[in-house]
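# Remarks on the overall topology
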Amino acid sequence: MLSSWRLRSNWRPRSRRGWFAALLFTALVSFTAGAMLQGTRQAEAEVREEPVPKAFQSGSERSEVVLKEMLAVLKTMDRRLQHFEDVLDRAARE
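Note that the structure is a prediction, hence the values are computed from the model and not measured. (Residues numbered from 1 in each chain as written. Predicted model: local features only at pLDDT ≥ 70, side-chain atom pairs only at ≥ 80, totals over all residues. Heavy atoms only, no water.)

Helix and strand counts for the protein stand at three helices and zero strands. Secondary structure elements in the protein, listed N-terminal to C-terminal, are α-α-α. Roughly 10,200 Å² of accessible area belongs to the protein as shown, and the carbon and sulfur atoms make up 61% of that amount. (Helix = DSSP H or I, 4+ residues; strand = E, 2+ residues; numbered from the N terminus. Areas by Shrake-Rupley, 256 points an atom, 1.4 Å probe, with all protein chains shown as cover.)

The next thing to look at is the confidence of the model for the protein. Per-residue pLDDT for the protein averages 80, and the proportion of residues at 70 or more is 73%. By mean pLDDT, the top-scoring element of the protein is helix α3 (residues 59-93) (91), and the lowest-scoring one is helix α1 (residues 2-8) (54). (pLDDT = per-residue confidence, 0-100.)

With that out of the way, let us pick up the pattern of salt bridges. Two side chains of opposite charge can pair, provided their charged atoms sit close to one another. If you walk through the whole model with that rule in mind, you get one salt bridge. K68 serves as the salt-bridge partner of E64, at 3.5 Å between the closest nitrogen and oxygen. Taken together, the positions of E64 and K68, both in helix α3 and four residues apart, correspond to about one turn of that helix. Among the residues examined, E64 registers a relative accessible area of 44% and is labelled partly exposed. Overall, K68 belongs to the exposed group, its relative accessible area being 55%. (Salt bridge = Lys/Arg side-chain N within 4 Å of Asp/Glu carboxyl O. Buried < 20%, exposed > 50% of the residue type's maximum accessible area, 1.4 Å probe, protein only.)

Turning next to a negative patch on the surface. Taken together, the side chains of D78, E85, D86 and D89 make up a negatively charged region of the molecular surface. Among the structural elements, E85 can be located in helix α3. (Patch = residues over 30% accessible without salt bridge, like charges linked within 9 Å, V, L, I, M, F, W, Y side chains within 5 Å. Lys, Arg positive; Asp, Glu negative; His and termini not counted. Charge placed at Lys NZ, Arg CZ, Asp CG, Glu CD.)

Below, the discussion takes up a nonpolar patch on the surface. A surface patch of nonpolar side chains, about 320 Å² in accessible area, is lined by F20, L24 and L28. Mapped onto the elements, L28 comes out in helix α2 (residues 16-39). A residue is classified by how much of its surface remains accessible, and L28, at 49% relative accessible area, is partly exposed.

Encoded structure:
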């Protein structure tokens, strides 16, 4: 089917000038299409205010916060380990 199309197609520039004209036309169409597509892109943004940073905390205030976070993590780990131990105890009894 493709070979029969080639036989029937009469559009083939026969000179270098024809090839140059076809190339120039293709380049202009591509450039125009690209320029039209780039013009449609828009960015919309909102201005957000950043939170005001906390004042400097002294050593004891800072360590209290860190210790509370560590306590929460350790409690979670303890619960998970207890669950594993319970499962192993049940498996050993059966």
